[in-house]
Amino acid sequence: MADYSINKGIGKTVEFKGLKAQYLFLFAGGLLLVFILFVVMYMAGAGEVVCIGFGISSASLLVWLTFRLNARYGEHGLMKLSAGRYRPRYLLNRSRRKFRQIDRNISQKNQLNRTT
């Protein structure tokens, strides 16, 4: 009977060199964009030194920024960050205002009960 190893990576997120989940796609897409811009600049007639300098500096910035975001926000951090922007602030503030009014009314009733 043959022995088969069990794949222990089932259910885990994709990871490459420490980059997890959406950061991996952000990194790959960014490098592809840098390469396309490099080719367009070269075909447009920009100097070789300018194209190579742009490619190296923008790719380095992309690598640094991607790994920094990965370390700072974690696996699901960017999704949480973008979801926080769509929070309905008006409803949140309005509900807090009502809570403050209820709290104020309760504290006023407590003060009246203490004095009588």
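An account of the accompanying structure is given in this report. These numbers were taken from a predicted model, which means no experiment stands behind them. (Residues numbered from 1 in each chain as written. Predicted model: local features only at pLDDT ≥ 70, side-chain atom pairs only at ≥ 80, totals over all residues. Heavy atoms only, no water.)

## Focus: the packing of helix H1 (residues 22-44) against helix H2 (residues 48-73)
It is the contact of H1 with H2, at a shortest axis distance of 10 Å, that shows an interaxial angle of 170°. Between H1 and H2, the crossing angle belongs to the class labelled roughly antiparallel. Along the lines of polarity and charge, the residues of the contact of H1 with H2 split into 18 nonpolar, 5 polar and 1 charged. (Axes fitted to C-alpha atoms, helices over the stretch in contact; angles between N-to-C directions. Helix = DSSP H or I, 4+ residues; strand = E, 2+ residues; numbered from the N terminus. Parallel < 35°, antiparallel > 145°, perpendicular 65-115°, else oblique. Nonpolar A, V, L, I, M, F, W, Y, C, P; charged D, E, K, R; others polar.)

## Quick notes on H2
With 26 residues, H2 should reach 38 Å at 1.5 Å per residue; the first-to-last C-alpha distance of 37 Å fits that figure. Of all the residues in H2, the buried ones are Cys 51, Gly 55, Ser 58, Ala 59, Leu 62, Thr 66, Leu 69 and Asn 70. Here the buried face of H2 lies against strand E2 (19-20) and H1. After H2 finishes, the residue Gly 74 shows a positive phi value of roughly 80°. (Expected span 1.5 Å × (residues − 1). Buried < 20%, exposed > 50% of the residue type's maximum accessible area, 1.4 Å probe, protein only. Contact = heavy atoms within 4.5 Å.)

## Here we look at H1
Helical periodicity: at 3.6 residues per turn, an α-helix aligns residues three or four positions apart in one direction. With 23 residues, H1 should reach 33 Å at 1.5 Å per residue; the first-to-last C-alpha distance of 33 Å fits that figure. Trailing H1 by a residue or two, Gly 45 shows a phi angle of about 105°, which is positive.

## Focus: a nonpolar patch on the surface
Together, Leu 32, Phe 35, Ile 36, Val 39, Val 40, Tyr 42 and Met 43 make up a nonpolar patch on the protein surface, roughly 720 Å² of accessible area in all. Positionally, Met 43 belongs in helix H1. (Patch = residues over 30% accessible without salt bridge, like charges linked within 9 Å, V, L, I, M, F, W, Y side chains within 5 Å. Areas by Shrake-Rupley, 256 points an atom, 1.4 Å probe, with all protein chains shown as cover. Salt bridge = Lys/Arg side-chain N within 4 Å of Asp/Glu carboxyl O.)

## Looking at the side chain of Thr 66
By secondary structure assignment, the location of Thr 66 is in helix H2. Given the relative accessible area of 1%, Thr 66 is considered buried. Filtering out sequence-adjacent residues up to four positions away, Thr 66 remains in contact with Leu 19, Tyr 23 and Phe 27.

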